[in-house]
Amino acid sequence: LSALFGQNGQISLYWPSGLCDRFFDATEYEQTEQVMSTEALALKESSKVITVSSCIEKYCQMEQLEETEMWYCNKCKEHVRAWKQFHLYRTPPILIVHLKRFHYSASTHRRDKIDEYIDFPLTNLDLTSEVMHCGDSEKPIYDCYAVSNHYGGLGGGHYTAYALSDDGKWGHYDDSRVSTGIDPKEVVSNAAYVLYYKRRDVVFETPDYEPPLPAIVQDHFDRTPSEASNLVRVDSMDMDDDRAVAGSPPSSNTSTSPMAGMSQQDDEDEFDYETDHLPPQNII
């Protein structure tokens, strides 16, 4: 009948008085829920709050490929609209949920930003019903410890982050601006882009040792004050030589010969400036 009348079509039945009394049950009719119109049903569906749990459940549902994504079957030798389904066999200790905030339209060839509000729990994200295998010590129950936010669109945007500190308080990180003591309700917003969860059995431990400093930094701290001053003096001398080569007015002890810089460089590469290895006196 839907092919004849359409989705919003109506059918009116004429009940003769005798037939209505024999087959119509007024009590059952009163107990039956009122059928909602298509517009009211769509409005009800749009008013529902989308949760990250429902997104994961939808992600694991079986779906049929579109005509633009047809799969080649090696048995029937044809491209068919195959069915596919994802299963979560086991979840990791650290779970990263990347929300799909950008939508590509095959008809308009545009990518649009999705600013839909997705509700997600900061504690007790239970994925037991979706995970196929989990041990007693690795139950897939997660707590959120960080959120990455995105504002703007594809043409330009800005990233901020929320992170849970060791004292259990949330902080907001916006470039060089850091705010502490953030209300947890502010963490959940329509700007949330990437969610970071850790499993309940995972414990973050602070290392007991300090990581080693880079070699160049350690070498700087190991130098004595006299060595550091000599290093500064040598650097300043090298800067004077660079200025002389660059075309600045020569000093009194600088040769104006075009081969002077080359000869001096060759001498530095060949001789060590110790008292018993001085270069010949006739070198300019």
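Further up the page is the structure itself.
Note that the structure is a prediction, hence the values are computed from the model and not measured.

Is there a simple way to think about the environment of Val187 in this case?
Structurally, Val187 is set in helix H6 (residues 184-187). Considered as a pair, Val187 and Phe120 are 67 residues apart in the sequence and their alpha carbons are 9.7 Å apart. Apart from the residues within four sequence positions on either side, Val187 is in contact with Phe120, Leu122, Val147, Tyr162 and Trp170.

What is the right way to look at unusual backbone geometry in this model?
What you tend to see is this: most non-glycine residues have negative phi, and most peptide bonds are trans. With a phi angle near 60 degrees, Lys77 is a residue other than glycine that sits in the positive phi range. Here Lys77 lies in the loop between strand E3 (71-73) and strand E4 (78-80). Positive phi values are uncommon outside glycine, yet Asp175 reaches one of about 55 degrees. Here Asp175 is to be found in the loop between strand E13 (170-174) and strand E14 (177-182). For Asp175, a relative accessible area of 60% gives the class exposed.

Would you take a moment to explain the side chain of Arg199 for this structure?
Inspection of the secondary structure assignment puts Arg199 in strand E15 (residues 192-199). A distance of 3.3 Å separates the side chain of Arg199 from the backbone oxygen of Thr91, its partner in a polar contact. A polar contact of 2.6 Å, which involves the side chain of Arg199, links it to the side chain of Asp201. Non-local contacts of Arg199, meaning those with residues more than four positions away in its chain, are made with Thr91, Pro92, Pro93, Glu138, Lys139, Ile141 and Tyr142.

Reading the values: rules and limits
Numbering of residues begins from 1 in every chain and follows the order in which that chain's sequence is written. Where totals are concerned, whole chains, interfaces and linings use all residues; where local detail is concerned, this predicted model gives features only for residues with pLDDT of at least 70, and gives and counts side-chain atom pairs only at 80 or more. For the side-chain quantities, the full set of heavy atoms in the structure was used; hydrogens and water were omitted. To qualify as a helix, a DSSP run of H or I must reach at least 4 residues; to qualify as a strand, a run of E must reach at least 2; elements of each kind are numbered from the N terminus. By definition, residues are in contact when any of their heavy atoms lie within 4.5 Å. For every residue, the accessible area (1.4 Å probe, protein chains only) is compared with the maximum for its type, and the residue is labelled buried under 20%, exposed over 50%, or partly exposed between those bounds. A 3.5 Å cut-off defines polar contacts: any pair of N or O atoms within that distance qualifies, except that in protein one atom must be a possible hydrogen donor and the other a possible acceptor, and neighbouring residues in sequence count only when both atoms are side-chain atoms.

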